[in-house]
Amino acid sequence: MNDSKDSYNTLTYNRFTKEVLQCARTPFYCYDLGLLHATVLEIKRQTAGMNCIVHYALKANENKRIISEIARMGLGADLVSGGEIQAAIDAGYNPQDMSYSGVGKTDWEIRLGLELELGCFNVESSAELEVINQIAGEMGRQARIAIRVNPDIDAHTHRYITTGTADNKFGITLDMLPQVVRQAIDLPHIQLLGLHFHIGSQITAMRPYQMLCDTVNQLIDEYENEGIRFEQINVGGGLGINYEQPDEQPIPNFEQYFGTFRKGLKLRPYQRLHFELGRAIVGQCGTLITRVTYVKESRAKRFVILDAGMNDLVRPALYGACHKIQNLSAPDDLPMARCDVVGPVCESSDVFAQDYPLPITRRGNLIAIRSAGAYGESMASSYNMRPLPQAVFFNHL
Ligand code: LLP
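Residues numbered from 1 in each chain as written. Predicted model: local features only at pLDDT ≥ 70, side-chain atom pairs only at ≥ 80, totals over all residues. Heavy atoms only, no water.

Description of the packing of aromatic side chains
Part 1: Tallying each qualifying case throughout the model produces twelve aromatic pairs.
Part 2: Above the plane of the ring of F393 lies R65, whose end atom (NZ or CZ) is 5.0 Å from the centre.
Part 3: It is K105 that lies over the ring of Y100; its NZ or CZ is 5.3 Å from the centre. (Phe/Tyr/Trp six-rings, centres within 6.5 Å; stacked < 30°, edge-to-face > 60°. Lys NZ or Arg CZ within 6 Å of the ring centre and 35° of its normal.)

So this is what it looks like as structure tokens:
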């Protein structure tokens with residue numbers, strides 16, 4: 001595997017540059033389907049022999065081509081809206097392999113999910129459980145559900161993307177869990193399959209996942225003692241990617257990630273493990289390609305103004321995220337200069353990087369903003385009436 005990863009980097013870069021130079025209208029997302037395939041294959045390799053299913057969290061990237069490629073490679077889908085359910089059906093995912101999460105499922109979305117007989121609803125509140133039961137009853141269906149537990153584990157990630165602590169809106173807190181489990185068992189149109197967890201996103205240390213394993217083990221034991229068996233344990237997603245060095249680590253360390261659960265969880269033979277990964281699958285295969293519109297010098301600063309803005313990639317403005325930025329047009333031996341890399345949108349937060357070292361950059365240069373495959377295109381908007389970014393694909397394999 002290592003050999004192929006090494007040869008991969010140089011190939012990617014050459015191919016990538018050639019392809020993008022031919023593509024005229026910037027900004028656009030450029031996806032490396034070869035890397036996407038290699039990433040999914042690595043997931044399959046690392047989960048071979050485990051009794052598990054990996055769902056792709058569509059929200060990370062809902063581009064039709066991307067979701068179809070992932071469906072074709074046999075992953076399940078993790079969905080958070082009726083629109084995503086429809087997109088996953090159109091892309092060819094098997095409804096049985098779909099799980100549907102979210103704190104605010106509306107009645108029509110619940111109906112759609114029941115109609116399509118989705119594999120599992122991940123339920124986030126007692127009130128939602130009541131509504132699903134009622135709608136399922138009206139439709140003459142049984143709803144298969146897992147209860148989303150908020151395990152009060154701090155994933156030590158950005159406060160906007162941490163989800164497993166007691167003070168955020170997700171899941172059922174541990175003290176409320178027995179009551180909701182009882183409610184689910186008693187409701188006539190609910191079939192309780194198991195428990196669901198998701199503690200946050202862009203998690204790079206394994207410690208929070210080890211803590212999650214401990215909590216899951218404890219809950220399985222407790223409920224088994226009461227005669228309640230959970231056939232499904234869903235540990236969510238959240239595995240992070242290397243934003244600083246995308247070429248050095250194009251594929252996340254899935255061996256370590258899946259190994260943590262394989263070693264940490266004491267699952268029974270009747271229990272199937274579910275994962276919901278988004279960023280780790282698509283993050284590194286996408287790059288935002290943009291062109292320099294102006295270079296603006298002031299006494300204190302040098303601004304590189306791009307034709308991509310926060311509407312195309314909102315992560316830096318919203319989370320202070322740092323994406324690697326490269327000037328694809330500059331020869332390697334140009335001297336470096338520090339600059340603020342900004343977009344054209346009328347907001348002071350429309351900044352991709354501050355004091356960032358780039359080779360001397362000029363109007364017309366092509367710029368690559370790396371690791372933008374996850375939560376890039378899917379979070380793009382047309383703010384300022386700017387057109388949505390297009391997508392192009394290449395495949396070095
Ligand atoms: N499962 C659930 C229930 C989730 O809420 C999420 C993401 C995932 C799975 C997939 O997480 P991933 O493996 O991609 O970390 N826009 C933010 C990230 C928001 C994550 C929302 N939930 C960002 O750009 O960093």
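Next, the rest of the story.
Things to note about the nonpolar core
Part 1: If you look at the biggest cluster of nonpolar residues, it comprises 99 residues, and the most contacted ones within it are Y56 and Y93.
Part 2: For this core, the element with the most residues is helix 8 (residues 207-225), which contributes seven residues.
Part 3: Two domains share this core, each providing at least three of its residues, namely domain 1 (33-283) and domain 2 (284-394).
Part 4: Every residue in contact with Y93, bar those within four places of it in the chain, is listed here: Y56, L58, I67, I70, A71, L75, G76, A77, A88 and M98. (Core = buried A, V, L, I, M, F, W, Y, C linked by side-chain atoms within 4.5 Å. Buried < 20%, exposed > 50% of the residue type's maximum accessible area, 1.4 Å probe, protein only. Helix = DSSP H or I, 4+ residues; strand = E, 2+ residues; numbered from the N terminus. Domains from an automatic or database assignment. Contact = heavy atoms within 4.5 Å.)

A look at the environment of N63
Part 1: In this structure, N63 sits in the loop between strand 2 (52-57) and helix 3 (64-72).
Part 2: Through-space distance from the C-alpha of N63 to that of Y29 is 10 Å; in sequence the pair is 34 residues apart.
Part 3: Excluding anything up to four places from it in sequence, N63 contacts Y31, E377, A391 and F393.

Things to note about the site of the ligand
Part 1: The full set close to the ligand counts 17 residues, and S201, E276, R315, Y319 and Y375 are the nearest of them.
Part 2: Side-chain polar atom of Y319 to a nitrogen atom of the ligand: 2.7 Å apart, as the coordinates give it.
Part 3: In the complex, 92% of the free accessible area of the ligand, which totals 580 Å², lies under the protein chains.
Part 4: Counting residues per element, the ones that place at least two in the shell around the ligand are strand 10 (272-277) and helix 11 (315-319).
Part 5: Each residue belonging to the shell around the ligand can be placed in one class, and the counts come to six nonpolar, five polar and six charged.
Part 6: Each of domain 1 (33-283) and domain 2 (284-394) contributes no fewer than three residues to the shell around the ligand. (Near = heavy atom within 4 Å. Polar contact = N/O pair within 3.5 Å; in protein donor to acceptor, adjacent residues only side chain to side chain. Areas by Shrake-Rupley, 256 points an atom, 1.4 Å probe, with all protein chains shown as cover. Nonpolar A, V, L, I, M, F, W, Y, C, P; charged D, E, K, R; others polar.)

A short note on helix 3
Part 1: Listing the buried residues of helix 3 in full gives I66, I67, E69, I70 and A71.
Part 2: The opening residue of helix 3 is N63, an N-cap whose side-chain oxygen sits 3.0 Å from the backbone nitrogen of R65.
Part 3: One or two steps after helix 3, the chain reaches G74, where phi turns positive at roughly 95 degrees.

Observations concerning helix 5 (residues 107-115)
Part 1: Residues of helix 5 that are buried include every one of E109, I110, L112, G113 and L114, and no others.
Part 2: On the buried face of helix 5, the contacting elements are helix 4 (82-91), strand 4 (98-100), strand 5 (120-123), helix 6 (126-139) and strand 6 (143-150).
Part 3: Once helix 5 ends, the next one or two residues include E117, with phi positive near 55 degrees.

Overview of the packing of helix 6 against helix 7 (residues 177-186)
Part 1: Axis separation between helix 6 and helix 7 bottoms out at 10 Å; the angle between their running directions is 5 degrees. The orientation of helix 6 with respect to helix 7, classified from their angle, is roughly parallel. Packed against helix 6, whose contacting residues are S126, L129 and E130, the element helix 7 presents V180, Q183 and A184 at the interface.
Part 2: Across the contact of helix 6 with helix 7, the residue classes break down as three nonpolar, two polar and one charged. (Axes fitted to C-alpha atoms, helices over the stretch in contact; angles between N-to-C directions. Parallel < 35°, antiparallel > 145°, perpendicular 65-115°, else oblique.)

Comments concerning unusual backbone geometry
Part 1: The linkage connecting T26 with the following residue, P27, adopts the cis geometry, with an omega of -5 degrees.
Part 2: Tracing the sequence through the fold places P27 in the loop between helix 1 (2-22) and strand 1 (28-32).
Part 3: The backbone of Y375 sits at a positive phi, close to 55 degrees, despite the residue not being glycine.
Part 4: On the secondary structure map, Y375 appears in the loop between strand 16 (366-369) and strand 17 (390-394).
Part 5: With a phi close to 70 degrees, N384 is a non-glycine residue in the positive phi region.
Part 6: Secondary-structure assignment places N384 in the loop between strand 16 and strand 17.

Some points on the packing of helix 8 against helix 9 (residues 254-264)
To characterise two packed helices, one gives the angle between the axes of the helices and the distance between these axes.
Part 1: Contact pair helix 8 / helix 9: the axes reach a minimum separation of 9 Å and the direction vectors enclose 30 degrees. Our classification of the angle between helix 8 and helix 9 gives roughly parallel. The handedness of the crossing between helix 8 and helix 9 comes out as right-handed. Taking contact as the criterion, the partners of Y209, Q210, L212, C213 and N217 in helix 8 are, on helix 9, Y257, T260, F261 and G264.
Part 2: For the contact of helix 8 with helix 9, the per-class residue count stands at five nonpolar, four polar and no charged. (Left-handed = near helix turned anticlockwise from the far one by under 90°.)

Remarks on the pattern of salt bridges
Part 1: Tallied over the entire structure, the rule returns 15 salt bridges.
Part 2: For R302, the salt bridge goes to E297, with nearest N and O atoms at 2.4 Å.
Part 3: Across the salt bridge formed by R386 and D312, the nearest N and O atoms sit 2.9 Å from each other. With R386 in the loop between strand 16 and strand 17 and D312 in the loop between strand 12 (302-306) and helix 11, this residue pair connects regions lying 74 residues apart in the sequence.
Part 4: D312 sits in the buried class, given a relative accessible area of 1%. (Salt bridge = Lys/Arg side-chain N within 4 Å of Asp/Glu carboxyl O.)

Regarding the confidence of the model for the protein
Part 1: Mean pLDDT over the protein stands at 92; residues scoring 70 or higher make up 90%.
Part 2: Scored below 50 in pLDDT, residues 1-12 makes 13 contacts in the model with residues more than four places away or belonging to other chains. (pLDDT = per-residue confidence, 0-100.)

Here's the deal with the pairing of strand 2
Part 1: Judged by how many residues are buried, strand 2 sits mostly within the fold: six of six residues are covered.
Part 2: A two-sided burial pattern is seen for strand 2, the buried positions comprising C52, V54 and Y56 on one face and I53, H55 and A57 on the other.
Part 3: One ladder, built from five bridges, connects strand 2 with strand 10; its direction is parallel. Note that in strand 10 the partner of I53 across the bridge is H274.
Part 4: Taken together, the three bridges between strand 2 and strand 3 (residues 76-79) define a ladder with parallel strand orientation. Bridge pairing links A57 to D78 in strand 3. (Pairing = 2+ DSSP bridges.)

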